[in-house]
Amino acid sequence: MKELILKTELHSFRTCREFAETFALGADDLILTIRPLYEKYFLPLSLPLKALFIEDFGLGEPTDTMTDAMIDAAEKAGFRRLIAAGGGSVIDIAKVVAAAGGKHTDELYAAPSEIRRSKGFVILPATCGTGSEVTNISIINRTRVGTKMGLVSDALFADAAALIPELLEGLPYESFAASSADALIHAVESALSPKATPFSKLLSYRAIEMIISNYSVIAAKGREARIEMLASFLAAANYAGIAFGTAGCAAVHALSYPLGGKYHVPHGESNYAVFTGVMKNYIEIKKDGEMAVMMGFIASLLGAEPSEAWDGLDTLLGRILPKRSLREYGVREDELEEFADSVIECQQRLMANSFVPLDKDRVLKIYRELY
Ligand SMILES: [Fe+2]
């Protein structure tokens, strides 16, 4: 039994300058990032780096067409090592670009086991959410298929990841809130997964504790209080990333993909929209086992009774990031069935990790409750 999968070497630095010196960044490196991060943290270092900016290829979350265009641009620029500095979108695209080897997105999805990466690859997360710096998954909106899907291959693991809190200082509050909620959801889903192990659960529960404690401080002191806690959020997101890299994410992520794919709701926010709705349905089916452990743990952090864990967490999360109904995102009621079909057809990779199996009727029930 695999207890913990961690194939990426982990580093932490106070600043990008320290990272650049240790990793000897130079002319063979191509940095894939967004322009504001590059101008603020890398341009002042006067390095002979090549750079690609995702906003030049499209806005919003990564699509197959954006990714294909970036594969071509990276190939043209030439590089020996790819440095990804950014949030989930940058990292998802960079994983595919680093491993593409002349292929395009659809070809890579068609045969993930054949993907081989010949280039060096380093990830610097600039949000505190995805944990994607330590996983082998890239989520791309496959516009030609009509939903977001995960591409999974060990070739997508980076050689190294560096946690640099400086990179999060300019992160807008809304992005901070959505990404840290995503990290919390990774921690909860991985702990409840049937594939969880004692090692992955150590990381899941520690991440939950850190994020809920930090959220309580923000709820009490205000948004600016987060700045002092960025290193803690970055570490918690990484713990949760390692945990779900082993145990997987589950139904929350599965149900969020049709919403994110069709209505372009950012990943963290679309997960948040369905999170406690899924948890409340789990406990209608099964309240004992790991769910009892989880509810007791969350309740102890909130100073509540275990039976109030999900409502209490909803209240705390609502003070960090307002929750919206599916209707408020523009979803039509007649689309819910289509969403449920898409989850059952396209997201079995995630649904297999659910705390208890959820069939199409249950998925539709959850969507209706969240409508
Ligand atoms: Fe996520």
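The structure presented is a predicted model; accordingly, all values stated were derived computationally and were not measured.

S.K.: Would you explain the sheet that holds strand β3 (residues 50-53) in this entry?
M.R.: Two strands in a sheet stick together by hydrogen bonds in their backbones, pointing the same way (parallel) or opposite ways (antiparallel). Across the sheet, 6 strands lie side by side as β1-β8-β5-β4-β2-β3; this open sheet has parallel pairing. The sheet is open, and its two borders are formed by β1 (9-12) and β3, each paired with just one other strand. Taken over all neighbouring pairs, the strand axes of this sheet differ in orientation by 20 degrees on average, direction set aside. Relative to strand β4 (residues 81-86), strand β2 (residues 29-33) runs parallel, the two being bridged by 4 bridges. Directly across from L32, in β4, lies its bridge partner A84. Here helix α3 (residues 64-77) sits on the sheet in contact with β2 and β3, set at roughly 170 degrees to β3. Taken strand by strand, helix α4 (residues 88-99) contacts β2, β4 and β5 (120-125), and its axis lies near 170 degrees from that of β4.

S.K.: Mind showing me how you'd approach the packing of aromatic side chains here?
M.R.: The geometry of two aromatic rings is summed up by the distance between their centres and the angle between their planes. Under the counting rule described, the total for this entry stands at 11 aromatic pairs. Relative to F19, the ring of F13 lies with its centre 6.0 Å away and its plane at 65 degrees, an arrangement referred to as edge-to-face. Judged by its relative accessible area of 0%, F19 falls in the buried class. Judged by centre distance (5.3 Å) and plane angle (65 degrees), the ring pair of Y38 and F53 falls under edge-to-face. Within this pair, whereas Y38 is found in helix α2 (residues 35-42), its partner F53 is found in strand β3, the two being separated by 15 residues in sequence. Lying over the aromatic face of Y109, R142 brings its terminal NZ or CZ to 4.2 Å of the ring centre. The side chain of R226 reaches across the aromatic face of F176, ending 5.7 Å from its centre.

S.K.: Would you take a moment to explain the packing of helix α6 (residues 173-192) against helix α10 (residues 267-285) for this structure?
M.R.: A pair of packed helices is captured by two measures, namely the crossing angle of their axes and the spacing between those axes. Where α6 contacts α10, the two axes come as close as 8 Å, and the packing angle between them is 35 degrees. The two elements α6 and α10 meet at a crossing, and its hand is left-handed. Each of A178, D182, I185, H186, V188, E189 and L192 in α6 lies in contact with α10, whose residues at this interface are H267, G268, E269, N271, Y272, F275, M279 and Y282. A per-class count over the contact of α6 with α10 returns 8 nonpolar, 4 polar and 3 charged.

S.K.: When you look at the domain arrangement of the protein chain in this model, what are you seeing that I'm missing?
M.R.: In many reports, interface size means the accessible area that the parts give up when they come together. Each domain of the protein chain was delimited in the assignment, giving domain 1 (9-168) and domain 2 (173-370). Measuring from the centre of the C-alpha atoms in domain 1 to the corresponding centre in domain 2 gives 25 Å. Contacts between domain 1 and domain 2 engage 22 residues on the former and 27 residues on the latter. Carbon and sulfur atoms supply 66% of the area that domain 1 and domain 2 bury against each other, a total of about 2,000 Å² over both sides. Counting every contact that joins domain 1 to domain 2 gives 0 salt bridges. If you look at where domain 1 meets domain 2, you find 6 residue pairs in polar contact (both at pLDDT 80 or more). Counting residues per element, the ones that place at least two in the side of domain 1 that touches domain 2 are β6 (137-142) and β7 (147-152).

S.K.: Would you take a moment to explain the coordination of the iron ion for this structure?
M.R.: For a metal with four tetrahedral donors the ideal donor-metal-donor angle is 109.5 degrees, while six octahedral donors give ideal angles of 90 or 180 degrees. Looking at the iron ion, the protein donor atoms are D182 (OD), H186 (NE2), H253 (NE2) and H267 (NE2), and they sit 2.1 to 2.3 Å from it. Taken together, the 4 donor atoms surrounding the iron ion define angles of 87 to 167 degrees at the centre, an arrangement classified as irregular. One chain supplies every donor for the iron ion, spaced along it as D-x3-H-x66-H-x13-H. Here D182 and its partner H186 are both found in helix α6, 4 residues apart, which amounts to about one turn of the helix. Taking the relative accessible area as the measure of exposure, H186 reaches 2% and is therefore buried.

Analysis parameters
Residues numbered from 1 in each chain as written. Predicted model: local features only at pLDDT ≥ 70, side-chain atom pairs only at ≥ 80, totals over all residues. Heavy atoms only, no water. Pairing = 2+ DSSP bridges. Helix = DSSP H or I, 4+ residues; strand = E, 2+ residues; numbered from the N terminus. Axes fitted to C-alpha atoms, helices over the stretch in contact; angles between N-to-C directions. Contact = heavy atoms within 4.5 Å. Phe/Tyr/Trp six-rings, centres within 6.5 Å; stacked < 30°, edge-to-face > 60°. Buried < 20%, exposed > 50% of the residue type's maximum accessible area, 1.4 Å probe, protein only. Lys NZ or Arg CZ within 6 Å of the ring centre and 35° of its normal. Left-handed = near helix turned anticlockwise from the far one by under 90°. Nonpolar A, V, L, I, M, F, W, Y, C, P; charged D, E, K, R; others polar. Domains from an automatic or database assignment. Buried area = accessible area lost by both parts, 1.4 Å probe. Salt bridge = Lys/Arg side-chain N within 4 Å of Asp/Glu carboxyl O. Polar contact = N/O pair within 3.5 Å; in protein donor to acceptor, adjacent residues only side chain to side chain. Donors = N, O, S within 2.8 Å, 3.2 Å for Na, K, Ca; no water. Tetrahedral: all angles 85-135°; square planar, octahedral: opposite > 155°, others 65-115°.

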